[in-house]
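Report on the structure
For reference, the chains in residue letters:
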Amino acid sequence: MSVRSLPTWVPWSVAGLSILLGFADLTRGGITIAPILLTLGYCVAVPWALLSGTRATGGDEPPPYRAAMVAALAVFVLYLLTLSPSTAMWDASEYIAAAYTMGLPHPPGNPLFVILGRVFSILPIAPNVAMRINLLAALSSAVAAGTWFLLAERVVHRAGLARAWRYLAGGLAALIGATAFTVWTQSVVNEKVYTVALAGIAIISWLALRWSDAPDGRRADRLLVLIAFLLGLGYANHMAGMLPLPAVGILVLAVRPRTLLRWRLLLAAVAALLLGMTPYATQPIRAAYNPPINEGEPTACREGLQLGCTFSRGTYEAFKYNFNREQYGKPGLSERQAPFQAQVGMWWLYFRWQWLRDAHNEHPGLQGALAVAFFLLAGVGAWVHRRRDRTGFAYFAPLMVSMTLVLIYYLNFRYGASQAGAADVPREVRDRDYFYLWSFSAWGVWAGIGLVWTWRSIAQLLGGSERPRALALASPVLALALVPLVANWAPASRRHDLTTVSLARDLLNSVEPYGVLVTAGDNDTFPLWYVQEVEGIRKDVTVAVLSLMNTDWFARGIIRRPIHAYDAARGPAVYRGRDWPVPTRPPLQLTLEQADSVPQVMLVAEPLGFRANGLDVSIDPGALPQVQGGGLLERADLLLLRMIADSWPERPIYISRTAGSYGQQLGLAEHLVSQGLARKLVLTPDTASADMIMVQGSGWFDVARSMALWDEFAGPEAIIRNGDWIDRPSLNSAYAYVFAGYELSEVLRFRGDSAAAAAVRGTVREMARAARMPGEF
């Protein structure tokens, strides 16, 4: 008996049992069996159940699934050759760590990705956890490429061309879409959820077209219900999972409008969509177990998972706040954060990147010409699509509009980080090209079709579109499809990139055992979470993130965080040979209720004295963020001052160099000593020591400690070996090394150690050159 011929109750039983048993294990704190069962239920058994007992109908020739699999495999091999061996800047570390611990990344939490990522993290398919989850990104994008092959082949098939032409169009579509810069670079390191969303959009697109081939067939209704389920499941991964919905609706209206009047089918579709969204129910459960990454904490349970607090108004409100991303306070669509034409201009900037990622603006003319060429090729492909496959065009054209103009309007971004324009306009902290990954990938479908038609048209002018000699003479135009592959290989590849993980280790090792490290935001925080929670390095350090301490949940996390023993064998040599007292209490000694009551801001109208454990400083309101009436101390500032009062100097407290002048803002400048990549809070610098030197414009500098740490830093070598720094908005991470090394070399030169100074300065120069820093560095 084949799987297809099994009674329908079998797959539904497998689906129901898998999901129910998965949730049951999750409520007991399980994070190994639970995600496996949930993945089996949501991603295998439910689709199997919805399609069981039926066979495909419609069409005079089955789709070339084997050829599509070959295309997908080729793309997957390309991604394997350029796969990251570790993590990367921005959200990659956060999401890898959240998946590994089955925690909650930033709102809305992306529960489906966490489930899938956890499963991949425990599969023995790569040497380390990061690479395993990176393979999830590579596999997802390869699946999408294979699906775009099918879509392009379908159009050319309906144009009546032979199999060779169809396969060529499909192959070009897969190649162009897969090697677009953002698609490629997101597929070789799992920066977030976008490649999983891409696979979902592509699969839904194929299912919608298969439905249109036989809208009255035996499994037509089941296909629509499956599409609804996948839309909901896609939303549980990322809101982009709903992007195909308008296109599906337009397709149904174009092919069988009466379908929308069949209320039983509509009810089944709504039920399937809601079923697909049920991975969100994992969030209050996991949040109650207080995983190491518990952003948003969408539960009212403070002392573990309990029935009463889980099904309470408090959990409902916390979940809704998290689900709606209210933490970010983004304005409504009517309040534009930049003119719409500027937002379209941002998309065009990122579109130009796809075909030649000219990170240092060395070939703007060529980049612009390629962008125009691929735009026109897609225009030709769209024209062919409309003429030869109106039904498919009725779906794909609205999908492309949804993934470009509609998405641009909905996202409502400020000016892009790398976008030209006035310097004083509000800008995004980083480039947001990844939000348009879906359109860049699908662009390959129309561009591939357009390139085939362009080749045939040129050949027709040269003697005939079917004549071998004319086709050979016109064939150089096909080289356009190889341009992104060749031009983007270096900037998109992450094969040897260890800069991010090296930075994380070096920054944590700049902190003495059991210390508190104050960081500023994403790139000096998320990599640290990855190193601590995935690699198990320096878990004794408490990372206090300024941007997150303004929330209520982060303070609760600091209070609950277990005290992890310092592993001297994995720490720097400079900390060995002495005993480090193990703290018995958290750095923030408040009850959860007291932490929740800390005000969001405090107005400071005149100099404010702060005294704690011998420390006596004055906070100048002029150094704080300004409002009418004075300066503002934010919740994060108040919590840090409380940590100083509660646990310093028993616990060392450091401020990362990446936090800039934050210590001076709180009046701590005279009490901070630079050690490696961080500044240690001290009562009085040991000015009697020859190793303690005042650096003009920077502050006190501990020469011996900084030199010992520098000798063990892995970051400088990783930056030099990487040879470039493509993502310019994250360059501050490299600057931290450059400034630390420059200060160290100057101090060594001042002390007369010219050989050591020259060695450090040489490394700094190589780093600055490799990272393509401005000339003055």
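Residues numbered from 1 in each chain as written. Predicted model: local features only at pLDDT ≥ 70, side-chain atom pairs only at ≥ 80, totals over all residues. Heavy atoms only, no water.

Here we come to the packing of aromatic side chains. On inspection of all chains with the given rule, the structure shows 36 aromatic pairs. Measuring from ring centre to ring centre gives 6.1 Å for Phe351 and Phe375, while their planes differ by 85 degrees; the resulting arrangement is edge-to-face. Of this pair, Phe351 sits in helix α16 (residues 340–355) while Phe375 sits in helix α17 (residues 364–388), and the two are 24 residues apart along the sequence. For Phe351, a relative accessible area of 0% gives the class buried. The partly exposed category is assigned to Phe375, whose relative accessible area is 40%. (Phe/Tyr/Trp six-rings, centres within 6.5 Å; stacked < 30°, edge-to-face > 60°. Helix = DSSP H or I, 4+ residues; strand = E, 2+ residues; numbered from the N terminus. Buried < 20%, exposed > 50% of the residue type's maximum accessible area, 1.4 Å probe, protein only.)

We now examine the packing of helix α11 (residues 245–255) against helix α18 (residues 390–411). Their axes nearest at 8 Å, the elements α11 and α18 cross at an angle of 155 degrees. Classed by the angle they form, the pair α11 and α18 counts as roughly antiparallel. As α11 packs across α18, the resulting crossing turns out to be right-handed. For the pair formed by α11 and α18, the contact residues are Pro246, Ala247, Val248, Ile250, Leu251, Ala254 and Val255 on the first element and Thr391, Ala394, Tyr395, Pro398, Leu399 and Ser402 on the second. A breakdown of the residues in the contact of α11 with α18 according to their chemical character gives 11 nonpolar, two polar and no charged. (Axes fitted to C-alpha atoms, helices over the stretch in contact; angles between N-to-C directions. Parallel < 35°, antiparallel > 145°, perpendicular 65-115°, else oblique. Left-handed = near helix turned anticlockwise from the far one by under 90°. Contact = heavy atoms within 4.5 Å. Nonpolar A, V, L, I, M, F, W, Y, C, P; charged D, E, K, R; others polar.)

Once that is clear, we can look at the sheet that holds strand β3 (residues 601–604). Taking strand neighbours across the sheet as the criterion, the three strands line up as β3-β7-β6 in an open arrangement whose pairing is antiparallel. The strands lining the two open edges of the sheet, one partner per strand, are β3 and β6 (626–627). Strand direction decides the pairing type here: β3 and strand β7 (residues 630–634), joined by four bridges, are antiparallel. Residue Leu603 lies in a different strand from β7, and its bridge partner there is Leu632. Taken strand by strand, helix α26 (residues 635–647) contacts β3 and β7, and its axis lies near 65 degrees from that of β7. (Pairing = 2+ DSSP bridges.)

Let us now look at a nonpolar patch on the surface. Together, Leu333, Phe340, Val401, Leu405, Val406, Tyr409 and Tyr410 line one region of the surface with nonpolar side chains, adding up to about 610 Å² of accessible area. The element contributing the most residues to the nonpolar patch is α18, with five residues. By the element assignment, Val406 lies in helix α18. Using a relative accessible area of 46% as the deciding quantity, one classes Val406 as partly exposed. (Patch = residues over 30% accessible without salt bridge, like charges linked within 9 Å, V, L, I, M, F, W, Y side chains within 5 Å. Areas by Shrake-Rupley, 256 points an atom, 1.4 Å probe, with all protein chains shown as cover. Salt bridge = Lys/Arg side-chain N within 4 Å of Asp/Glu carboxyl O.)

Moving on to the state of the cysteines. Counted under the stated rule, the structure contains one disulfide. A sulfur-sulfur separation of 1.9 Å characterises the disulfide bridge that pairs Cys301 with Cys309. Between Cys301 and Cys309, the S-S torsion sits near 100 degrees, and that sign places the bridge as right-handed. Cys301 sits in the buried class, given a relative accessible area of 1%. (Disulfide = S-S within 2.5 Å.)

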